[in-house]
Amino acid sequence: MKRLNLLLFTFLSIFSLSAQYSIQGNVKEKKTGNPMELATVRLITLKDSSLVSGTRTDTNGKFIMNNIKSGSYILSVSSIGYINNDRKISVQDKDMDLGTISVEEDVKTLNEVEVKGTMVQVIVKKDTLEYNAQAFKTDRNAVVEDLLKKMPGVQVATDGTITVNGQEVTKILVDGKKFFQGDVQMSTKNIPADLIDKVQVVDQKSEMAQLTGFEDNNTERVINLTIKKDRKQGVFGNIMAGAGADINKDFRYDSNGFLNIMNGDTRSTFTLGANNVNTMRSGRGRGGFGGSPSGITETQNFGYNLNSTVSKKMVLGGDATFNHSDNLQTSDSHRENYLQDLTYTTVSNNTSNRNNYQGNIRLEAEWHPDSINTLIIQPNIGFTRSFSNSKSGFLYKTQNDSTSWGNTDNSSESYGISGGLNLIYSHKFPKKGRTLTTNINSGISQSNTDGKNYNQKITQDSTSLVDQKVDEKSYKNNVGLRISYVEPLWKNKHFLETSISLNGVFSENDRKIYGNDGNDNYNVFNAAYSNNFNNKFFNEALELNYRYMEENYNLLLGFKTEPSQTFSSRIYGDNTETPIENKVINFAPTARFQYNFGRRRFIRMDYSGRTSQPSISQMQPVKNNADLMNETVGNPDLKPEFQHNLRFMFSTYSSKNFSSFNVGLMGRATKNDLENNSIYDTTGKRYIQTVNGEKIPYRVNLFTMYNLPFFKYFNFSNNASFGFNQQYGYTSKNVSNVDATNLIYGDLSSTQSLNASENISLGYTQDMMDFGIRGGLRYSNTKNNLTTNLAQTYDWNGGANVVFRPTKIVTFSSDLIYTTQRGYSNFNEDQWLWNASLDFSLFKNLGVLSFKAVDILQERQNVTQSVGDNYVQYSKTNALPSYYLMSFTYKINKFKGSKNSVNPAEEMGNPMERRWRRDGGGRPPSGNRGGGTPPPPPGGDM
């Protein structure tokens, strides 16, 4: 028996000595509470400090170490830029859960960390897509727009419009604050690229939604530009002036100034610019002519923006802008209109000149008198002044036989004023989560237009002539109220919102037409084409929304009832009046769901409905004879259209190979869609009236983006898209005795458009040289039920760019793009676009002397395609000639605690060595990492 007990004791002792356990925990940043990804966790014996085990935290900051024997240890948690957290632990015959371990920033050493190696371009954090600006090389005078053009998934159109993975960006923020509200180009074309640290893309809720916690239909896709950490306190900016000539020996100039003054929580920004090289540095003042390179544009602009935290209770902001633009545009177009068994072809040329002035002032005050009340006040005022003149010639063909031809000469002068006020008040009740929020908005606008129209149409049998003066005045007032009440239901995870909205829009348009008496006196009143139109539109909405929130996901379900009423009154030239009334009720559910698979992956689905009122130009029941071949007829019986919008998004980022993948699917279907009803008479003249469609048009778009850094210096990117668009309209041909006061419905026209694109790029980034190649294809296919013709276009493109830095003061940049277009009627084009610049750094990197050549090969063409409900049109527009420019830029950089100089690590010979801050933990990239471990992304978590 003693031997048995001894044997059992020995067995248990051996088992106890060989027993192994696990240690787990969750590492978070002390200041923000964010999980620390890729933090290093080591287990060291207390006796001799030998390493027992080591690991890294995952995307949620969690770690686990297995096969740990009982004993006394030191657990060490470390991350670059943070103070080590060391603690003694004792493993006593069981698994251990250490809970949350907090680490604190090491302020003393934070700015002394230098990194080398591949810069990761894109990372994902929850619902934010973040681009690391340091990974994209631009020339020394580049602005934010030049930076955005290099980023995967980002497209910058010629008019400055920005889309990210197919969704348009409507606003730019700087460090989370408004910057020239609603004017994207003021940010992208004025802020120097070398000031930017991160470019974050996110869906921003409206002020009302941010206060209630429930999203509304005013959520916007925005870009937030974060300024580099060492530029937060001081004065920085650029002053640039350049002059040159184009190949026609015309003088070209470009000058711009950008000054940012940052003092604590107060930031003031000044912009001032003028040029005639098609650079629109503001989205205002365009006057509807689009942007570069459509025609030749000369602009001048001034802007001032302020953001100031006056106290803990008061934040002030606002901006003032003035813009002037002068645009000269010439174009040739080829348009095919499809009718039953017949095709109308229109060949035209046009020359136009538009001169526009615009000024705006916007103010904003956010007041928090205490912790439970918030008041936001947002007034604005603006004015416009414009002058335009256009001349055109046209030829209409029916099955290639000339039907009619002629010319037009139109001019106009207009001015307008506008103003508005938006008030938001929110009150938090003692019960957590219970809020009452009220939003009141109002606006007023007035415009006057004086113009002259000269139109001549010739057929084989007759000649028609219009020579008249137009005097038109428009007024519009609107007022709206929305009240939202949020009640928490259970455990601060379930919330219920009830809201009511009341809106009214009051419009009046008074249009008077006077004919020429033969002596160049426009005093013959034309009652048939004159009209006074009044419209009152009322819209109400009652919403009930439920929201459920968890740490990793949230759900919103809602239902909205939205009745609307339209009351119109028309007074003809003979003083007869006809009242018209329309009433509509729309019902729509609302649904939003988002699930976060950790911090680096998320999925989101949205559905929403929206009512859109017809414009007064669509409703005004008066004939418009400004164009003898295209006469617009108003329709006061129009109902508001109702859009159903669906969106799906998925984003993921891999911490192993630092790749990112994004996919988005968007769909739209419209009830009571506002469509064109086109009736052609025997001469080819078209009468156009907006009607509510009987069928529901829809569109579906799919976008994907994949980005992968590899081999230390390389980065691969792939962007693809696919879209399908179903449009409807009505059209009929050869109708005799058209009655414009009672226009008939034409035959149903169904147009199906399919488009697909693929773009691949490969970049190489190294100390002395940056090099990139790219290629892509865009395919478009358009088919209409009224014709057997199939319109197909192919846009092939390929290009390369290089930035070469042979010395610390010399930089050479060049980009070459080849494009071939097929299927654009007689506008098929092949072109090589080659731009190059040579920069010299002067005055200890404070000055840059630049020589730039644009379109060196002189091959730029502007060819576009547009698809409508029953037509396809191809246009070719004049472009700015090739030009050469020499410029000098002086950089103002005065920061707190530094001399008047720029960061040498950014401006001198080794651009891959940069100071950085680790926001989310982990160790920095390094050229000597060991073990084959790829670097974590600079900048860390977002």
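Remember, predicted model here, so these are calculated numbers, not experimental data.

Chemist: So what's going on with the overall build of the protein? Which residues, and what values?
Modeler: Helices and strands together make up the secondary structure of the protein, namely 7 helices and 50 strands. Looking at the 942 residues of the protein, the share that counts as buried comes to 51%. Within the protein, contacts between residues at least 6 apart in sequence are counted, and of these 66% link residues at least 24 apart. Accessible surface, the protein: about 43,100 Å² in total, of which carbon and sulfur atoms supply 55%.

Chemist: Give a description of the sheet that holds strand β3 (residues 51-56) that names residues and reports values.
Modeler: Strand order in the open sheet formed by 4 strands is β3-β2-β5-β6, with antiparallel pairing between adjacent strands. If you trace the sheet from one side to the other, it starts and ends with β3 and β6 (85-91), each paired once. Adjacent strand axes in the sheet meet at a mean angle of 20° when their direction is disregarded. As paired strands, strand β5 (residues 71-78) and β6 are joined by 7 bridges and run antiparallel to one another. Bridged to L75 within β6 is R87.

Chemist: Explain the nonpolar core to me, using residue names and the numbers behind them.
Modeler: Ranked by size, the top nonpolar core spans 42 residues in total, and within it Y131, L148, I162, V164, I196, V199 and I223 carry the most contacts. Both of domain 2 (122-228) and domain 3 (629-785) provide at least three residues apiece to this core. Among residues more than four places away in sequence, those in contact with I223 are L148, I162, V164, V169, K171, I172, L173, V199, Q200 and V201. In terms of nonpolar packing, the next biggest core, distinct from the first, is built from 20 residues, M36, A39, L75 and I101 among them.

Chemist: I'd like to hear about the pairing of strand β24 (residues 373-398), residue by residue, with values.
Modeler: Here β24 runs beside strand β25 (residues 401-428); their pairing, made up of 26 bridges, is antiparallel. Note on β25: the bridge partner recorded for G393 is N407.

Chemist: Hey, could you go over the side chain of N692 for me, with residue numbers and the actual values?
Modeler: Note that N692 resides in strand β38 (residues 686-692). Within the structure, the side chain of N692 is placed 2.8 Å from the backbone nitrogen of K639, a separation counted as a polar contact. In this structure the side chain of N692 is engaged in a polar contact, spanning 3.0 Å, whose partner is the backbone oxygen of N672. Apart from residues no more than four positions distant in its own chain, N692 is found in contact with D637, L638, K639, N672, D673, L674 and Y745.

Chemist: Tell me about the confidence of the model for the protein, residues and numbers included.
Modeler: Chain-level pLDDT for the protein is 82 on average; 87% of the residues reach the 70-or-more range. Per-element confidence in the protein is highest for strand β46 (residues 847-854), whose mean pLDDT is 94, and lowest for strand β50 (residues 914-915), whose mean pLDDT is 28. Note that pLDDT drops below 50 for residues 7-18; the model gives that stretch 1 contact with residues more than four away or on any other chain. In the model, residues 288-293 has pLDDT below 50 throughout and makes 21 contacts with residues more than four positions away in sequence or in other chains.

Chemist: Talk me through the pattern of salt bridges; I want residue IDs and the actual numbers.
Modeler: All told, the structure shown has 26 salt bridges when counted by the stated rule. Between E364 and R362 there is a salt bridge; the shortest N-O distance is 3.1 Å. Since its relative accessible area comes to 12%, R362 is described here as buried. Salt-bridge contacts for K685 lead to E631; the nearest nitrogen and oxygen are separated by 2.9 Å. Separated by 54 residues along the polypeptide, K685 in the loop between β37 (674-681) and β38 and E631 in strand β34 (residues 630-633) bring together distant segments of the chain. The same class applies to K685 as to E631, namely buried. Among the ionic contacts, a cluster of salt bridges with common partners joins K178, D319, R362 and E364.

Chemist: Let's hear about unusual backbone geometry: which residues, and what values?
Modeler: In this structure, N278 takes a positive phi of about 65° despite not being glycine. Assignment of secondary structure puts N278 in the loop between β20 (266-275) and β21 (296-309). Judged by relative accessible area, N278 falls into the buried class, the value being 4%. Of note in this structure, N737 is not a glycine but carries a positive phi near 50°. Note on placement: N737 falls in the loop between β40 (714-735) and β41 (747-765). With a relative accessible area of 78%, N737 lands in the exposed category.

Chemist: Describe the packing of aromatic side chains, and please don't skip the residues or the numbers.
Modeler: Enumeration over the complete set of coordinates arrives at 21 aromatic pairs. Between F843 and F888 the ring centres are 6.2 Å apart and the planes differ by 80°, which places this aromatic pair in the edge-to-face class. One end of the pair, F843, is in the loop between β45 (830-842) and β46; the other, F888, is in strand β49 (residues 883-895), and 45 residues separate them in sequence. Residue classification places F888 among the partly exposed positions, given a relative accessible area of 30%.

Chemist: Explain a nonpolar patch on the surface residue by residue, including any values.
Modeler: Taken together, the side chains of I261, F270, L272, F302, F322, F383 and I417 present a nonpolar region at the surface, about 620 Å² in accessible area. You can see I417 is positioned in strand β25. Assessed through its relative accessible area of 51%, I417 is described here as exposed.

Chemist: Quick rundown of the sheet that holds strand β1 (residues 20-29)? Include the residues and the values.
Modeler: The 3 strands lie next to each other as β4-β1-β7, forming an open sheet whose pairing is mixed. Each edge of the sheet is formed by a strand with only one pairing partner; in this case those strands are β4 (62-69) and β7 (96-103). Between one strand axis and the next, the sheet turns by 25° as a mean value, whatever way the strands run. Bridge analysis of β1 against β7 gives 6 bridges, and the strand direction is parallel.

Chemist: Give a detailed account of the pairing of strand β26 (residues 435-458), specifying residues and quantitative values.
Modeler: Examined bridge by bridge, β25 and β26 share 24 bridges and lie antiparallel to one another. Bridged to D409 within β26 is Y454. The hairpin turn running from β25 into β26, its antiparallel successor, is 6 residues long, and G433 in that turn takes a positive phi close to 95°. Across 24 bridges, the pairing between β26 and strand β27 (residues 463-490) is antiparallel. Within the sheet, the bridge partner assigned to G451 lies in β27 and is V470.

Chemist: Can you lay out the environment of N534 for me, pointing to particular residues and giving the numbers?
Modeler: Mapped onto the elements of the fold, N534 is located in strand β30 (residues 531-549). Judged by its relative accessible area of 28%, N534 falls in the partly exposed class. In the structure, N534 is positioned 26 residues away from E508 in sequence and 4.5 Å away in space, judged by C-alpha atoms. The contact partners of N534, leaving out residues within four places of it in the chain, are S507, E508, F567, S568 and S569.

Chemist: I'd like a rundown of the environment of S22, residues and numbers included.
Modeler: Relative to the elements of secondary structure, S22 occurs in strand β1. A C-alpha to C-alpha distance of 10.0 Å links S22 and S70, two positions 48 residues apart in sequence. Beyond its immediate sequence surroundings of up to four residues, S22 is in contact with I64, M65, N66, D95 and M96.

Chemist: Can you break down the environment of I809 residue by residue, with the values?
Modeler: Checked against the element boundaries, I809 lands in the loop between β43 (790-804) and β44 (810-822). A sequence separation of 32 residues divides I809 from S841, and the C-alpha atoms of the two residues are 4.7 Å apart. Not counting the four nearest positions on each side in its chain, I809 is found in contact with R140, D839, F840 and S841.

Definitions and limits used
- Residue numbers restart at each chain and count upward from 1, following the sequence in its written direction.
- Thresholds applied to this predicted model are a pLDDT of at least 70 for local features of residues and 80 or more for the giving and counting of side-chain atom pairs; totals over whole chains, interfaces and linings are not thresholded and use all residues.
- To obtain the side-chain values, all non-hydrogen atoms of the structure were included, while hydrogens and water were left out.
- Put simply, DSSP H or I for four residues or longer makes a helix, DSSP E for two residues or longer makes a strand, and each gets a number counted from the N terminus.
- Note on exposure labels: buried denotes an accessible area under 20% of the residue type's maximum, exposed denotes more than 50%, and partly exposed covers the range between, all computed with a 1.4 Å probe on protein chains only.
- In this analysis, two residues are considered to be in contact whenever any of their non-hydrogen atoms come within 4.5 Å of each other.
- With residues, only the protein chains shown are counted as cover, and all accessible areas are computed by Shrake-Rupley using a 1.4 Å probe.
- Two strands make a pair as long as DSSP finds a minimum of two bridges between them.
- Inter-axis angles, ranging from 0 to 180 degrees, are taken between N-to-C directions of lines fitted to C-alpha atoms, where helices are fitted over the stretch in contact.
- Within this scheme, the nonpolar core is defined by two criteria: the residues are buried Ala, Val, Leu, Ile, Met, Phe, Trp, Tyr or Cys, and they are joined through side-chain atoms within 4.5 Å.
- Segmentation into domains, and thus their bounds, comes from an automatic or database assignment.
- Polar contacts, as used here, are pairs of N or O atoms within 3.5 Å; protein pairs need one atom able to donate a hydrogen and one able to accept it. Residues neighboring in sequence count only if both atoms are side-chain atoms.
- pLDDT: the predictor's confidence for each residue, scored from 0 to 100.
- In the sections that follow, a salt bridge refers to a side-chain nitrogen of Lys or Arg positioned within 4 Å of a carboxyl oxygen of Asp or Glu.
- We call Phe, Tyr and Trp rings a pair once their centres come within 6.5 Å, taking the six-membered ring for Trp, and we label the pair stacked below 30 degrees between planes, edge-to-face above 60, and tilted otherwise.
- Here the term patch refers to residues with relative accessible area over 30% and no salt bridge, with like charges joined within 9 Å and nonpolar side chains (Val, Leu, Ile, Met, Phe, Trp, Tyr) within 5 Å.

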